[in-house]
Amino acid sequence: MRRPFALLAAALLTGALAVPASAADGDEKFTIKDPRITESSGLAASRQHPGIYWTHNDSDDGAYLYAVDGSTGETVATITMSGVGSPRDVEAISIGPDNQIYVGDIGDNLGGTWPYVWIYRLPEPKDLRDRTIKATQYVVKYSDGARDAESLVVHPKTGRVYIVDKNEKGGHLYEGPAELSPSGTNVFRPVAAVPDLEATDATLSPDGEHLVVRSYFGAIAYDWNSGKLKKKERLGVPFLGQGESVTYTADGKKLMYGAEGADSPVEPQDAPGGGDSGSSSGNGSSAATDSGGDGLTGDLKKGAIVAGVLLVVVLAVRGMRRRG
């Protein structure tokens, strides 16, 4: 008696959680297969090595970066950073001009208690193999006090570094000095509000004209406007679990969304403006309405369906037990 019901429940859940076929199409979707990568918290598309994505673990995993092949999900190179001490809470990665990799050791899970955080910079290797590379370490403080952050971007033309702090009520875009100094302290100052979302990552388009900031369940696209952000639209994001990362592809046509966890998926969506036009683009991109909230429209609907199915399952099981 219970097996048919269990099969029905499984079918309902599968239907509720299934990604639309159009969103799953394309050879850019992949799964990070490296068993060492269990908390992929940042993602950056290589411009020097097409199809390669750089990632790292959250927290104090060590001074390691992983180059993942987007066609297979396999790690093709592991970089050990030297000259940076012991990383504390690595949360973001970005690639700037001249193929320089920037790593944001900027997390502060205690809500802004560290007196300073760090950014590391190192050259992306021309050939991908396991190696140790010396990085430059920069000390960072905020002009208005310590805070938690998980989002770091580097402007692809100017090389200036920006951080978006993480706050459930919305945060700010912080601008670093025109050039980071390895000696002394680099003070980051707020230059634009990033309201209505708890930022877990951000990415700048390859031409430096557009910024996308994501949260666990949604995202917002902005015109960069020389750092004076102009909001374009809310974006739906694929449901992948704990949504932690986003990067533009090297050609700027798609956004790649990632999540934490073992065997974590990375899934593409059309970049805003990369499709036909407006708030809805093809190939699975789901731009949500601009009616407040956290850009959760698609995910909230899916979550409601799942919650409803689970409630039906629980009530039915209870009824069967009473009859048994």
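Data block above holds the structure.
Now for a look at the structure at hand. Residue positions are counted from 1 within each chain, in the order its sequence is given. With the structure being a predicted model, the display of local features is reserved for residues of pLDDT at least 70 and the display and counting of side-chain atom pairs for 80 or more, all residues being used for whole-chain, interface and lining totals. In computing side-chain properties, one takes all heavy atoms of the structure into account and sets aside hydrogens as well as water.

1. Considerations on the environment of Gly-208
Phase 1: Elements are defined by DSSP. Helices are runs of H or I of four residues or more, strands are runs of E of two residues or more, and each kind is numbered from the N terminus. Here Gly-208 shows up in the loop between β15 (201-204) and β16 (210-214).
Phase 2: Owing to a relative accessible area of 2%, Gly-208 belongs among the buried residues under this scheme.
Phase 3: Each C-alpha atom, one on Gly-208 and one on His-155, is 6.0 Å from the other, the two residues being 53 residues apart in sequence.
Phase 4: Should any heavy atoms of two residues lie within 4.5 Å, those residues are considered in contact. Not counting the four nearest positions on each side in its chain, Gly-208 is found in contact with His-155, Pro-156 and Trp-224. Exposure categories follow from relative accessible area, calculated using a 1.4 Å probe and restricted to protein chains: below 20% of the type maximum is buried, above 50% is exposed, and the middle band is partly exposed.

2. Brief notes about the packing of aromatic side chains
Phase 1: Here a Phe, Tyr or Trp ring, Trp counted by its six-membered ring, pairs with any other such ring whose centre lies within 6.5 Å, and the pair is stacked when the planes are under 30 degrees apart, edge-to-face when over 60, and tilted otherwise. Evaluated as defined, the whole model comprises four aromatic pairs.
Phase 2: With a centroid separation of 5.1 Å and 75 degrees between ring planes, the pair formed by Tyr-142 and Tyr-174 is classed as edge-to-face. In this pair, Tyr-142 is assigned in strand β10 (residues 136-142) and Tyr-174 in strand β13 (residues 170-175), connecting sequence segments 32 residues apart.
Phase 3: Relative accessible area serves as the criterion here: at 10%, Tyr-142 is assigned to the buried category.
Phase 4: By relative accessible area, Tyr-174 is classed as buried at 1%.
Phase 5: Centroid distance Tyr-162 to Trp-224: 4.8 Å. Interplanar angle 85 degrees. Geometry classified as edge-to-face. Within this pair, whereas Tyr-162 is found in strand β12 (residues 161-165), its partner Trp-224 is found in the loop between β17 (218-223) and β18 (230-236), the two being separated by 62 residues in sequence. Both residues of the pair, Tyr-162 and Trp-224, belong to the buried class.

3. Looking at empty space enclosed by the protein
Phase 1: Two kinds of site are reported from a 1 Å grid over the protein atoms alone, namely cavities, where a 1.4 Å probe fits but cannot get out, and pockets, open sets with protein on both sides within 12 Å along at least five of seven lines, and residues are called lining when an atom falls within 4 Å of a point. Grid points are joined across faces, edges and corners, and a volume is the space filled by probe spheres set on the points. Summed over all chains, the structure comprises six cavities of 30 Å³ or more.
Phase 2: Of the voids in this model, the largest cavity is the one considered here, and its volume is about 210 Å³.
Phase 3: In this structure, the largest cavity is lined by 21 residues; those nearest its centre are Arg-47, Ser-94, Thr-203, Leu-204 and Thr-247.
Phase 4: Every element with two or more residues in the lining of the largest cavity is listed here: β2 (40-45), β6 (92-96), β11 (149-154), β15 and β19 (243-248).

4. Quick notes on the sheet that holds β11
Phase 1: Pairing between two strands requires that DSSP report at least two bridges joining them. If you walk across this open sheet you meet the eight strands as β6-β7-β8-β10-β14-β13-β12-β11, and the pairing is mixed. Each edge of the sheet is formed by a strand with only one pairing partner; in this case those strands are β6 and β11. Neighbour-to-neighbour, the strand axes of the sheet open up by a mean angle of 30 degrees, direction not taken into account.
Phase 2: Where β13 lies against strand β14 (residues 185-195), six bridges are found, and the strand directions are antiparallel. Its bridge partner lying in β14, His-172 is registered against Ala-193. Axis definition: a line fitted to C-alpha atoms, over the contacting stretch in the case of helices. Angles run 0 to 180 degrees between N-to-C directions.

5. Notes on the sheet that holds strand β1 (residues 30-31)
Phase 1: The sheet built from four strands is open, its strands ordered β1-β21-β20-β19 with antiparallel pairing. Looking along the sheet, the strands with just one partner apiece sit at the ends: β1 and β19.
Phase 2: Summarising the sheet, β19 and strand β20 (residues 254-259) pair through five bridges and their orientation is antiparallel. Each residue of the ladder has a partner; that of Gly-243, found in β20, is Ala-259.

6. So, unusual backbone geometry
Phase 1: Backbone geometry places Asp-196, a non-glycine residue, at a positive phi of 65 degrees.
Phase 2: With respect to the element layout, Asp-196 can be found in the loop between β14 and β15.
Phase 3: The phi dihedral of Asn-225 falls on the positive side, at around 55 degrees, and the residue is not glycine.
Phase 4: Secondary-structure assignment places Asn-225 in the loop between β17 and β18.
Phase 5: Given the relative accessible area of 37%, Asn-225 is considered partly exposed.

7. What to know about the side chain of Asp-270
Phase 1: With respect to the helices and strands, Asp-270 occurs in strand β21 (residues 265-270).
Phase 2: A distance of 2.8 Å separates polar atoms of two side chains, one belonging to Asp-270 and the other to Lys-254. For this analysis, a polar contact is any N or O atom pair within 3.5 Å, provided that within protein one partner can donate a hydrogen and the other can accept it, and provided that sequence-adjacent residues contribute only side-chain to side-chain pairs.

8. Side note on the nonpolar core
Phase 1: Only buried residues count toward a nonpolar core, which is a set of Ala, Val, Leu, Ile, Met, Phe, Trp, Tyr and Cys residues joined through side-chain atoms within 4.5 Å. By size, the foremost hydrophobic cluster in this structure holds 20 residues, and its most contacted members are Trp-54, Leu-65, Met-81, Ile-101, Val-103 and Leu-122.
Phase 2: Those elements giving two or more residues to this core turn out to be β3 (52-57), β4 (64-69), β5 (75-82), β6, β7 (100-105) and β8 (117-123).

9. Things to note about the environment of Arg-47
Phase 1: Within the secondary structure, Arg-47 sits in the loop between β2 and β3.
Phase 2: In this structure Arg-47 comes out as partly exposed when scored by relative accessible area, which is 35%.
Phase 3: Each C-alpha atom of the pair Arg-47 and Gly-96 lies 9.8 Å from the other, and the pair is 49 residues apart in sequence.
Phase 4: For Arg-47, the residues in contact, after removing those within four places along its chain, are Ile-95, Gly-96, Pro-97, Asn-99 and Ala-250.
Phase 5: For Arg-47, the side chain forms a polar contact with the main-chain oxygen of Ile-95, separated by 3.0 Å.

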